[in-house]
Amino acid sequence: MLAAAAAIAASEALAAVLDLRESPLLSVGQSVIALTPGPVAEAIIGVVGTGDKPLAVASVAVAILVLGGVVGRWWQTRRLAAFSLVAVLVVLAVASVLSRPYASPEGVFASVAGGVVLMGVLQLLLREGQHTTVDASRRIFLRTAAAVAVATVVVGAAGQALASRHRRREVVERARAALKIPTRAVVVPAGADLDIQGQAPWLTSNRDFYRIDTALQAPLIDPAEWRLRIHGMVDRELTLSYQDLLDRGLTDAWITICCVSNEVGGDLIGNTVWGGVPIKGILEEVGVRAGADALLSTSEDGWTCGTPIDALMDGRDALLALTMNGEPLPVPHGFPVRQVVPGLYGYVSATKWVTDWEVTRFADFEAYWTQRGWGERGPVKTQSRIDVPADGSTVDAGTMTIAGVAWAQHVGIERVEVRIDDADWREATLAVAPNPDTWVQWSIDWDAEPGRHDIQVRATDATGATQTAERADVLPDGATGYDGITVSVG
Ligand SMILES: Nc1nc2c(c(=O)[nH]1)N[C@H]1C(S)=C(S)[C@@H](COP(=O)(O)O)O[C@H]1N2
Ligand SMILES: [Mo]
């Protein structure tokens, strides 16, 4: 296992020295993510949330350590089996590296080097002693092992330090900081934020904005090199640069986006002002051919997404976004360019680091999450959430405020109702929403009497449809059911 740790440290350090975009360990981690069946991924995310990524990398590392232990066990007695297992590990690493958009000969080299270090260290640790006594050979083993352990830590730490100064990251961060995008000051519309203690702010800051994607490290793209290639069922192919988008002028739009994996009452949702170029105009310019019903978008790291053309052309604020809350997109949120489409879950609309558009038909492809069991189209389901008081909390008897948010993007919220225990539903007061594409805050006063109380909320959208009480899982196309909390009134 020590030899395996040394192999990982060496291959990671080599990846840093060679300034690879992705180390072999991360490439294998990405393969594990890609090969994880949808329901398993959902279950893991349900338990560890956004800790899913460190978990993916850690489980790969642990698997390599364990398999290294097996190789070590076989090293002296079953050399051929030991060699074969190392060969299998190297082949899997190389295959992962080559399956990635960042495949390079250096990546293959760093993978093979890991295998060589694994065997070299084993040979060093387990060399047959010319030593006469068991004691002497044990002493030498322990001394060698200690030296290898120190070397592993030193090489590993040096590799990490070097990786943090990745040239590409510095170039991209500098380019992002130097951008001067004319944006209007971001002003929260009057009356939108009730500003109640404990309630999620109406405007989500970039730092607090939820992040969901399959990337172990966010792709680093220099805006000067970014291109969007548009092809497929179009009359004229087109390639756009970042400057091309800036030249078209940016439209600002308040849009709330949310994730299909958001449980009832969950926080995988955020609201901000996005600045971007309307997708509709671009699609009109390239000319969508008759029969096309889908836009298949691909990110620089190979993630794919299928969006109904209808939703992109019906006049809603579907954007190729460059800014978020008045700033260039943060790297984890898709810098330099991503899509945002009101009314659709992120997995079918919000491609970050987007570099390729193919106008096509849903019948002709399956996008990343659709291949893993999620619905082909992902319209957002109407939902409401209680933010205050907190679930399970104890509050004083007397008049208090219950508050939260509700959303039905691109349809709008007409009414929010709250029910205490078995009482009748009472209508809450809605705050201002500047358009139907954002969430809306709500609040209601409650004369709390001592005891334990269940509080539930439900929303009705602008078409008059009230959200269903029936509980549905997030898989395959979004959770349903009422959010509810229990509080003790003292
Ligand atoms: N390139 C890429 N874009 C992506 C994803 C991804 O995995 N890769 N995930 C999507 C999903 S499932 C959601 S919910 C949104 C989340 O966007 P955010 O991280 O900016 O909140 O991004 C979407 N865009
Ligand atoms: Mo998502």
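One numbering rule holds for all chains: residues counted from 1, following each sequence as written. The naming scheme follows written order: chains are lettered A onward, ligands numbered 1 onward. With the structure being a predicted model, the display of local features is reserved for residues of pLDDT at least 70 and the display and counting of side-chain atom pairs for 80 or more, all residues being used for whole-chain, interface and lining totals. Water and hydrogen atoms play no part in the side-chain values, which are based on all heavy atoms of the structure.

### Some words on the packing of aromatic side chains
Our working rule: Pairing of aromatic side chains here covers Phe, Tyr and the six-membered ring of Trp, requires ring centres within 6.5 Å, and sorts the geometry by plane angle: under 30 degrees stacked, over 60 edge-to-face, intermediate tilted. The way it works is that DSSP assigns letters per residue, a run of H or I at least four long becomes a helix, a run of E at least two long becomes a strand, and they are numbered from the N terminus. In this scheme, a residue with accessible area under 20% of its type's maximum is buried, one over 50% is exposed, and one in between is partly exposed, where area comes from a 1.4 Å probe on protein chains only. Only when the NZ atom of a Lys or the CZ atom of an Arg is both within 6 Å of the ring centre and within 35 degrees of the ring normal do we say a charge sits over the ring.
This model, assessed by the stated rule, comprises eight aromatic pairs. Centroid distance Phe209 to Trp274: 5.8 Å. Interplanar angle 80°. Geometry classified as edge-to-face. Taken together, the positions of Phe209 in the loop between helix H8 (167-178) and strand E1 (227-232) and Trp274 in strand E4 (residues 269-278) put the pair 65 residues apart, joining distant regions of the chain. Trp274 sits in the buried class, given a relative accessible area of 0%. Plain terms: the ring middles of Phe362 and Phe365 are 5.7 Å apart, the flat faces sit at 25° to each other, and that makes the pair stacked. Take Phe362 and Phe365: they sit in the same class, and that class is buried. Taken together, the aromatic side chains of Phe209, Tyr210 and Trp274 make up a single cluster linked through ring pairs. In this structure, Arg79 packs its charged tip against the face of Trp75, placed 4.3 Å from the ring centre. When the ring centre of Tyr368 is taken as reference, the NZ or CZ atom of Arg372 above it lies at 3.7 Å.

### Some remarks on the domain arrangement of the protein chain
For clarity, the threshold we go by: Throughout, the edges of the domains are those of an automatic or database domain assignment. Note on definitions: a residue-residue contact is assigned when non-hydrogen atoms from the two residues lie within 4.5 Å. Computed with a 1.4 Å rolling probe, the buried area is the accessible surface lost when two parts are put together, summed over both parts. What counts as a salt bridge is simple: a side-chain nitrogen of Lys or Arg found within 4 Å of a carboxyl oxygen of Asp or Glu. Polar contacts, as counted here, are pairs of nitrogen or oxygen atoms within 3.5 Å of one another; within protein the pair requires one atom able to donate a hydrogen and one able to accept it, and residues that are adjacent in sequence qualify only if both atoms are side-chain atoms. Classes in brief: Ala, Val, Leu, Ile, Met, Phe, Trp, Tyr, Cys and Pro nonpolar; Asp, Glu, Lys and Arg charged; the others, Gly included, polar.
By domain assignment, the protein chain separates into domain 1 (2-165), domain 2 (227-372) and domain 3 (383-489). Of note, the centres of domain 1 and domain 2, computed from C-alpha atoms alone, are 38 Å apart. Listed as interface residues are 11 residues of domain 1 and, on the opposing side, seven residues of domain 2. Of the roughly 700 Å² buried between domain 1 and domain 2, counting both surfaces, carbon and sulfur atoms make up 42%. At the boundary of domain 1 with domain 2, the tally comes to one salt bridge. Arg21 is the salt-bridge partner of Glu300, the closest N and O atoms lying 2.7 Å from each other. Applying the counting criterion to the domain 1 and domain 2 interface returns four residue pairs in polar contact (both at pLDDT 80 or more). Breaking the side of domain 1 that touches domain 2 down by element, the ones donating at least two residues are helix H2 (24-35) and helix H3 (38-48). Looking at which element gives the most residues to the side of domain 1 that touches domain 2, the answer is H3, with four residues. Looking at the side of domain 1 that touches domain 2 residue by residue, the class counts come to six nonpolar, two polar and three charged.

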